[in-house]
Amino acid sequence: MARAVPERDAACAIAQAAAVIGDWWSLLLVREAARGRHRFDELQRELDISRKVLTERLHHLVDSGVLDKVPYQEGPVRYEYRLSPTGRALLPVLVSMQDWADRWLLGDGTLTASADEHSAEAHRLHELPGTRLPRLTLPAHTGGERDPVDPEAAATVLFCYPATGRPSPLPDGWSDIPGTVGCTLENRLFRDAYGEFTAAGIAVHGVSTQRPDEQRAFAAAEEIPFPLLSDMDARLSAALRLPTFRAGQALRLKRAIVVVDRERTVRHTQFPVTDIPHAVETALARARAVASG
């Protein structure tokens, strides 16, 4: 259970944060809530945790303001546990921890925007088909917030990319990081094939961690016809446990493609993406299969 903060550390924000989320089970509960698992039984099943420990940790996270306890059924009353604004603010921390472990614990310490096909990151992405993307919204370059999944489309292609060099300059040494080069090319290829996607009833959304205003300037310069979504708050990254890397003091998405059907079920993933033109062609073919099925 969570430990009380010693008086000597009362003004230490790290100690205060550790008292709330420094416990193994508490962190994993935040992870699962971000992935769309909100009910007691599904949390217990996913984490293989005892009912007693789960009850204690849920109460602790509710009391700490990380989770909101929300009724979803009457007679008897049953509750879901959803991330509060305080809890959602933890998502960049959670993704940063994942990024650190991918690089330094599960990897060899190399800074890369790609990954080996047999890496832990690739394994996570390859295990995604069959899972559902929880309901969430992301800021769009067109203004406001949008669901990453287009409810009117038979399938949605989400292509994640590190960053474009327009309008803001990329960090020093960017092109020396394997896998970073090609973001503008990828956007142009999806732009050029956009008519084929829409003709098949497929939506296309580009996703990066750049700010919406940066994405807006890029979209205007390149005449991008589809929405560019900003995952700057790590909502999508946490929901799908997407692979990231850190460059220019910011988390960036590694290049990946996810195809989702209208029921929000992931049907296809591509990672790592090393041949961008072939990846765009494959995304179109796989999304067409989902749309026609």
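See the structure above.
Residues numbered from 1 in each chain as written. Predicted model: local features only at pLDDT ≥ 70, side-chain atom pairs only at ≥ 80, totals over all residues. Heavy atoms only, no water.

**Brief notes about the sheet that holds strand 6 (residues 202-208)**
Consideration 1: The strand order across the open sheet formed by 5 strands is 7-6-5-10-11, and the pairing between neighbours is mixed. Two strands close off the open sheet at either side, each with one partner strand: strand 7 (228-230) and strand 11 (266-270). Shown here is a sheet whose adjacent strand axes are inclined to one another by a mean of 25°, direction ignored.
Consideration 2: For strand 6 and strand 7, the ladder comprises 3 bridges, and the chain directions are parallel. Pairing of Ser208 across the sheet is with Ser230, part of strand 7.
Consideration 3: Each of strand 6 and strand 7 touches helix 10 (residues 212-222); the most contacted strand, strand 7, lies at about 165° to it. (Pairing = 2+ DSSP bridges. Helix = DSSP H or I, 4+ residues; strand = E, 2+ residues; numbered from the N terminus. Axes fitted to C-alpha atoms, helices over the stretch in contact; angles between N-to-C directions. Contact = heavy atoms within 4.5 Å.)

**A look at unusual backbone geometry**
Consideration 1: In the segment running from Gly75 into Pro76, the intervening peptide bond is cis, with an omega of -5°.
Consideration 2: Among the secondary structure elements, Pro76 is positioned in the loop between strand 1 (67-73) and strand 2 (78-83).
Consideration 3: The step from Arg166 to Pro167 runs through a cis peptide bond, and the omega angle for that step is 10°.
Consideration 4: Within the element layout of this structure, Pro167 appears in the loop between strand 5 (155-160) and helix 8 (183-192).
Consideration 5: Despite not being glycine, Gln249 has its phi angle at roughly 60°, a positive value.
Consideration 6: Positionally, Gln249 belongs in the loop between strand 8 (244-247) and strand 9 (250-253).
Consideration 7: You can call Gln249 exposed: its relative accessible area is 74%. (Buried < 20%, exposed > 50% of the residue type's maximum accessible area, 1.4 Å probe, protein only.)

**As for the layout of surface pockets**
Consideration 1: By volume, the largest pocket is sized at about 520 Å³.
Consideration 2: In terms of lining, the largest pocket is formed by 22 residues, of which the most central are Ala34, Gly36, His38, Pro134 and Arg135.
Consideration 3: When residues of the lining of the largest pocket are traced back to their parent elements, those giving at least two are helix 2 (24-34), strand 2 and helix 11 (235-240).
Consideration 4: Taken together, the residues that form the lining of the largest pocket break down as 10 nonpolar, 4 polar and 8 charged.
Consideration 5: Within this model, the second largest pocket holds a volume of roughly 420 Å³.
Consideration 6: If you trace the second largest pocket, you find 15 residues lining it, with Leu28, Arg31, Leu94, Met97 and Gln98 closest to the centre.
Consideration 7: Top element by residues in the lining of the second largest pocket is helix 6 (residues 91-104). It accounts for 6 residues. (1 Å grid on protein atoms, 1.4 Å probe; cavity = no way out; pocket = protein on both sides within 12 Å on 5 of 7 lines; lining within 4 Å. Points joined across faces, edges and corners; volume = space filled by probe spheres on them. Nonpolar A, V, L, I, M, F, W, Y, C, P; charged D, E, K, R; others polar.)

**Overview of the side chain of Thr269**
Consideration 1: By secondary structure assignment, the location of Thr269 is in strand 11.
Consideration 2: Within the local environment of Thr269, its side chain forms a polar contact with the backbone oxygen of Leu125, the two atoms lying 2.9 Å apart.
Consideration 3: Look past the residues within four positions of Thr269 in its chain and what remains in contact with it is Leu125, His126, Leu128, Pro129, Ile257 and Val258. (Polar contact = N/O pair within 3.5 Å; in protein donor to acceptor, adjacent residues only side chain to side chain.)

**Some thoughts on the packing of aromatic side chains**
Consideration 1: Within this structure, the stated rule accounts for 7 aromatic pairs.
Consideration 2: Judged by centre distance (4.2 Å) and plane angle (15°), the ring pair of Phe159 and Phe190 falls under stacked. Linking Phe159 in strand 5 with Phe190 in helix 8, this pair joins segments that are 31 residues apart in sequence.
Consideration 3: Judged by its relative accessible area of 0%, Phe159 is buried.
Consideration 4: Aromatic rings pair up to connect Phe159, Tyr161, Phe190, Tyr194, Phe197 and Phe226 into one cluster. (Phe/Tyr/Trp six-rings, centres within 6.5 Å; stacked < 30°, edge-to-face > 60°.)

**Observations concerning a nonpolar patch on the surface**
Consideration 1: Together, Trp100, Trp104, Leu105 and Leu106 line one region of the surface with nonpolar side chains, adding up to about 510 Å² of accessible area.
Consideration 2: With respect to the element layout, Trp104 can be found in helix 6. (Patch = residues over 30% accessible without salt bridge, like charges linked within 9 Å, V, L, I, M, F, W, Y side chains within 5 Å. Areas by Shrake-Rupley, 256 points an atom, 1.4 Å probe, with all protein chains shown as cover. Salt bridge = Lys/Arg side-chain N within 4 Å of Asp/Glu carboxyl O.)

**Considering the side chain of Asp150**
Consideration 1: Its place among the elements puts Asp150 in the loop between strand 4 (145-146) and strand 5.
Consideration 2: It is Arg146 that comes nearest to the buried, bridge-free Asp150 among opposite-charge side chains, at 4.6 Å.
Consideration 3: Sequence-distant contacts of Asp150, defined by excluding residues within four places in its chain, comprise Thr156, Ala203 and His205. (Lys, Arg positive; Asp, Glu negative; His and termini not counted.)

**Thoughts on the pairing of strand 11**
Consideration 1: Among the 5 residues that make up strand 11, 4 are buried, leaving the element largely enclosed by the rest of the structure.
Consideration 2: Summarising the sheet, strand 10 (residues 256-261) and strand 11 pair through 4 bridges and their orientation is antiparallel. Considered in strand 11, the bridge of Val260 is made with Val266.

**Focus: the pairing of strand 2**
Consideration 1: The sheet contact formed by strand 1 and strand 2 spans 6 bridges and is antiparallel. Bridged to Leu67 within strand 2 is Leu83.
Consideration 2: Here strand 1 hands over to strand 2 after 4 residues, with Gly75 in that stretch at a positive phi of 60°.

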